[in-house]
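Here's the letter readout for the chains.
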Amino acid sequence: MKLIKHIEINYLRSLYSASLGDVGDLNVLFGRNDAGKSNLLRALNLFFNQEIEPGKKLDFNLDMSDVRRGEAKKLRGRQFIWIKITFNVPKNFQNSLGKELTIKRQWNRDGVITETVWPANLNKRGTAAQRTKFINQIEFSYIPAVKDLEVFADLIERMYMAAAETPTLQKATISFVDAIQKQTTGLSNQLSDLFGRTTRLAAPTEMGKLFRTLDFSHGEERHSLLRQKGDGVKARHLPELL
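Anyway, here's the lowdown on the structure attached to this text. (Residues numbered from 1 in each chain as written. Predicted model: local features only at pLDDT ≥ 70, side-chain atom pairs only at ≥ 80, totals over all residues. Heavy atoms only, no water.)

## Some words on the sheet that holds strand β1 (residues 4-12)
- If you walk across this open sheet you meet the 5 strands as β2-β1-β3-β4-β5, and the pairing is antiparallel. Each edge of the open sheet is held by one strand with a lone partner, namely β2 (15-21) and β5 (113-118). Averaged over all pairs of adjacent strands, the angle between strand axes in this sheet comes to 10°, irrespective of strand direction.
- Two strands pair when backbone bridges link them, and β1 and β2 are joined in this way by 6 bridges, in the antiparallel orientation. Residue pairing across strands places I9 opposite A18, the latter belonging to β2. (Pairing = 2+ DSSP bridges. Helix = DSSP H or I, 4+ residues; strand = E, 2+ residues; numbered from the N terminus. Axes fitted to C-alpha atoms, helices over the stretch in contact; angles between N-to-C directions.)

Have a look at this one:
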């Protein structure tokens, strides 16, 4: 099932007004440099993750369309950016949300975000909770053109967090932590004597952080994928990670 049916973007950077209809499972954007291809992806990242790029919040002075800013000043109108997405609702949410759902999110220069929903009856308390649950299950990943080690570290961490929900990996993680504790018994005993209470190494509070530095061994030479291979080879790993 195609999740997104239609996308509309207004006043974001070079995209004064843009729409993408008949959205499929795979969509290829092509065009000349500075045509706004990356801005469309930034718009989706803003809609789903509240960030223009990973780690970068919306900067209204930088991210609003220059053309629209000029119009708003001339007409003394409000300055804002808005993105509207129409979803095909999955069957498990159709009883509460119907078959189609449209959400428009608007950002103004004061940092206020407003949301409009169609059909209007989905604003009721019960259906609003289901709508939020549905949107929160969508995970959008923005991969920048320049893919440094931090991009892969973030994807590997998120991959672990998804896999960590499986019983197999939960059991393996417990075994891993137990093995570390057994190998550091001497250190733990010394610390216990020093502080007068039981002390031992424990797993990180957020285990995903531990996996951020994982690498891929590539080829018979066991080269580091992230440190020894080129961008083309590294990029081919991204769809599988996602």
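Anyway, onward from the coordinates.
## Regarding the environment of I103
- Here I103 is to be found in strand β4 (residues 100-108).
- Judged by its relative accessible area of 0%, I103 is buried.
- For I103 and I85, which are 18 residues apart along the polypeptide, the C-alpha to C-alpha distance reads 5.6 Å.
- Beyond its immediate stretch of four places on either side in the chain, I103 contacts F47, I83, K84, I85, F87, E115, T116, V117, R131 and I135. (Buried < 20%, exposed > 50% of the residue type's maximum accessible area, 1.4 Å probe, protein only. Contact = heavy atoms within 4.5 Å.)

## Remarks on the side chain of S192
- Along the chain, S192 falls in helix α8 (residues 185-195).
- Residue classification places S192 among the buried residues on the basis of a relative accessible area of 17%.
- If sequence neighbours within four positions are ignored, S192 has contacts with R197, T198 and T199.

## Describing unusual backbone geometry
- A cis amide bond links W118 with the next residue in sequence, P119, at an omega value of -5°.
- Mapped onto the elements of the fold, P119 is located in the loop between β5 and α5 (125-136).
- Phi is positive for D22, close to 55°, though the residue is something other than glycine.
- Take D22: it is sitting in the loop between β2 and α1 (37-49).
- Owing to a relative accessible area of 69%, D22 belongs among the exposed residues under this scheme.
- Of note, the phi angle at R222 is positive, near 55°, even though the residue is not glycine.
- Along the chain, R222 falls in the loop between β6 (217-218) and β7 (223-224).
- Residue R222 is classed as exposed on the basis of its relative accessible area, which comes to 64%.

## Examining a nonpolar patch on the surface
- Together, F176, I180, L187, L201 and L210 line one region of the surface with nonpolar side chains, adding up to about 400 Å² of accessible area.
- Checked against the element boundaries, I180 lands in helix α7 (residues 167-183).
- Overall, I180 belongs to the partly exposed group, its relative accessible area being 33%. (Patch = residues over 30% accessible without salt bridge, like charges linked within 9 Å, V, L, I, M, F, W, Y side chains within 5 Å. Areas by Shrake-Rupley, 256 points an atom, 1.4 Å probe, with all protein chains shown as cover. Salt bridge = Lys/Arg side-chain N within 4 Å of Asp/Glu carboxyl O.)

## Observations regarding the pattern of salt bridges
- Evaluated as defined, the whole model comprises 15 salt bridges.
- Measuring nitrogen to oxygen at the nearest pair gives 3.5 Å for the salt bridge that ties R68 to E71. Remark: E71 and R68 occur in helix α3 (residues 66-75); sequence separation between them is 3 residues, near one turn of the helix.
- Taking the relative accessible area as the measure of exposure, E71 reaches 28% and is therefore partly exposed.
- Between D231 and K234 there is a salt bridge, and its shortest N-O distance comes to 3.8 Å. Taken together, the residues span about one helical turn, with D231 and K234 both in helix α11 (residues 231-235) at a distance of 3 residues.
- Relative accessible area serves as the criterion here: at 57%, D231 is assigned to the exposed category.
- For K234, a relative accessible area of 11% translates into the label buried.
- Taken together, the salt bridges that share partners define one network made up of R42, E53 and K56.

## A closer look at the environment of F80
- Summarising the element assignment, F80 is placed in strand β3 (residues 80-88).
- Accessibility expressed as a relative area gives 11% for F80, which makes it buried.
- Separated by 136 residues in the primary sequence, F80 and F216 have C-alpha atoms spaced 44 Å apart.
- Excluding anything up to four places from it in sequence, F80 contacts Y11, F60, M64, R68, Q106, W107 and N108.

So, to be careful, I would describe these as geometric facts and stop short of saying anything about function.
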